[in-house]
Amino acid sequence: MIEVRSPADGRPAGSVPTEGPDRVQAVASALRAAQPAWEDLGPDGRKRVLLEWGDWFLDNERRLGELVQAESGKAWADASLEPAMSVDLINHYARHAAEYLAVRKVRAHGPVGLTKRLEVRYRPHQLVGVITPWNGPIGAPMLDTAAALMAGASVLTKPSEVTPLAWREAVRGFTDDVSAPPVLACVTGGGETGSAVVDEVDMVMFTGSTRTGRAIAQRCAERLIPCSLELGGKDPMIVLADADVDRAVHAAVWGGMFNSGQACVSVERVYVEAPIYDEFVAKATEAVRNIRQGTDAPGMFQFEVGAMATAEQLEIVERHVGDAVDRGARITTGGKRREPGLYFEPTVLIDVDHSMLCMRDETFGPTLPIMKVADEVEAVRLANDSPYGLSACVFSRDVERARSLSTRLEAGAVNLNNSLVNLFQFNLPQGGWKQSGLGSRFGGEAGLLKFCKAQAVVSDRVALPEPYWFPTSKLKGRIIGRAARFMGANDWRRRLGR
Ligand code: NAD
């Protein structure tokens, strides 16, 4: 059994079994057996089931938020976001799936193609595996589960062993309370259970660290099955001298501290043009100092920043801050752990550079390292100086200037004069570049079609014999050759074969 404890105070939050390969295989078989009928229901039938699940989320909103909070130590403001976001995701995919899955008509190619009718239809992978990390116990699995179910797949989920409780309850709600067809399951355990999922499914959707993502991609390559990976990030924010400094500070502080900095698209490093650097640092320090930290009672909305989810993550943050200070950085506020519980004080670091861990590796904690840059050229160079490319943001009062600068950024999503908000645009295809990901993400049509196989269908408008059909003959060969030359050539000399 895995005992889950609250990172806020160490209290037991619940326990789940570690499920091994045999159990995973049995669950996978049952899901496969149920999938054909689920696909046959069509998008409208599936929509009815998913919308009922959305209603169930609303009816159980507070209880689910409490479970999220108990296992993650989030502030209530962060915990309560997850059921709400889940409802939004369910609604989005339930309402758009029919349009996304509609058969596409394709124009035939060349004069011979005029006799053909071409279309592309989308069929789901029968069994999709969704493996997720601990920073969004319900939100992370839902980002893909709603889309995969609406695509017509059966879905085998494996939440993080750190936070399995709320998601397991959400899946129980789908099966027991909504009485939905048995096309969604949750298996629990650590990396080995995840590995067993990868070995059973037809497509893997993984969200988590780059290291695990690489291992999963290798296994998927061996099995020749597709995978889509959403991995780590080190998202930069660029603040140009003509920016609205107050807005940029708000966005940097929220973007860096949201969910205690444990968001894939967190603002992890800030580059500020020299003329406004001092003002930005002073205001950011003040704003971060004013953050209230703790894990409040449900419904209180008393704190902005909660606990870190694991002791290991807290140690990473501590190590990054310590390394920065050892190399000459200064802390303007925060900088140390706060006990009891797994808390790290919201922290601002200045005098940082790219020799430091906090500017190179993913910190995934409530820190805001701020670096002075001479101009936008240096800002772009430093922003791109990273193996990651998840998202980025640019601040300037001149939006066209910010837009133009964003075309030089190596990132799968860019927010102009804002931070993090790309995460909530469920209609926007997005995914990490470089070591931040492979494949596409939750947004819109792309987010649903990634769970499908495209099937090309050719039919005849008029049932004529095909010119290439047997038997061959000299005369037929000559006619076909001439016709192909006539249609393929770009000038009259070649057309006429001279
Ligand atoms: P992790 O990679 O350690 O674990 C993620 C999941 O993979 C867990 O459920 C884990 O049990 C499972 N797992 C571990 N080894 C496995 C294996 N060999 N085969 C199959 N599954 C395996 O990540 P984490 O520490 O839980 O989460 C933090 C990371 O997630 C950070 O790097 C963060 O940036 C990333 N993340 C990325 C996004 C995104 O959308 N890009 C979103 C949230 C988090």
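See the structure above.
Thresholds, definitions, all that
Residues numbered from 1 in each chain as written. Predicted model: local features only at pLDDT ≥ 70, side-chain atom pairs only at ≥ 80, totals over all residues. Heavy atoms only, no water. Near = heavy atom within 4 Å. Polar contact = N/O pair within 3.5 Å; in protein donor to acceptor, adjacent residues only side chain to side chain. Areas by Shrake-Rupley, 256 points an atom, 1.4 Å probe, with all protein chains shown as cover. Helix = DSSP H or I, 4+ residues; strand = E, 2+ residues; numbered from the N terminus. Nonpolar A, V, L, I, M, F, W, Y, C, P; charged D, E, K, R; others polar. Pairing = 2+ DSSP bridges. Axes fitted to C-alpha atoms, helices over the stretch in contact; angles between N-to-C directions. Buried < 20%, exposed > 50% of the residue type's maximum accessible area, 1.4 Å probe, protein only. Arc of directions from axis to C-beta. Contact = heavy atoms within 4.5 Å. Patch = residues over 30% accessible without salt bridge, like charges linked within 9 Å, V, L, I, M, F, W, Y side chains within 5 Å. Salt bridge = Lys/Arg side-chain N within 4 Å of Asp/Glu carboxyl O. Core = buried A, V, L, I, M, F, W, Y, C linked by side-chain atoms within 4.5 Å.

> I'd love a proper account of the site of the ligand, names of residues and values included.
As a structural note, the neighbourhood of the ligand is formed by 27 residues, with K158, E161, S209, L231 and E362 the closest of them. S209 is positioned such that a nitrogen or oxygen atom in its side chain is 2.6 Å from an oxygen atom of the ligand. Here E230 contributes a side-chain N or O atom positioned 3.5 Å from a nitrogen atom of the ligand. Out of a free accessible area of 850 Å², the ligand has 87% covered by protein chains. Tallying contributions element by element places helix α8 (residues 191–200) first for the shell around the ligand, with three residues. Within the shell around the ligand, the residues separate by chemical class into ten nonpolar, twelve polar and five charged.

> Please set out the sheet that holds strand β3 (residues 104–106) residue by residue, giving values where relevant.
Strand order across the open sheet formed by three strands is β3-β4-β22, with antiparallel pairing between neighbours. Of all the strands in the sheet, the pair left with one neighbour each is β3 and β22 (452–460). Geometrically, the sheet is characterised by an average inter-axis angle of 30° between neighbouring strands, direction not taken into account. Relative to strand β4 (residues 116–124), β3 runs antiparallel, the two being bridged by three bridges.

> An account of helix α15 (residues 399–406) is needed here, citing residue identities and associated values.
Buried within α15 we find A402, L405 and S406. The buried residues of α15 all sit within an arc of 100° when viewed along its axis, so they share a single face. For α15, the secondary structure elements touched by its buried residues are β10 (235–239), α14 (376–384), β18 (391–395) and β19 (413–416). Capping of α15 at its N-terminal end is provided by D398; its side-chain oxygen lies 3.2 Å from the backbone amide nitrogen of E400.

> Lay out a nonpolar patch on the surface in plain terms, naming residues and giving numbers.
On the surface, V112, F486, M487, W492 and L496 cluster together into a nonpolar patch covering about 530 Å² of accessible area. In this structure, V112 sits in the loop between β3 and β4.

> I'd like a description of the nonpolar core, backed by residues and values.
Across soluble globular proteins, nonpolar side chains have a tendency to be buried as a group. The biggest cluster of nonpolar side chains holds 58 residues, and the ones touching the most others in it are L50, W53, F57, Y93, L149, F174 and L448. Looking at this core, the element that brings in the most residues is helix α5 (residues 81–101), giving nine residues. The residues contacting Y93, other than those within four sequence positions of it, are Y100, L143, A146, A147, M150, F426, F442, G443, G444, G447 and L448. Formed by 28 residues, the second largest nonpolar core is a distinct cluster that contains M308, F344, C358 and M359.

Such coordinate-based values are descriptive only and should not be taken to indicate function.
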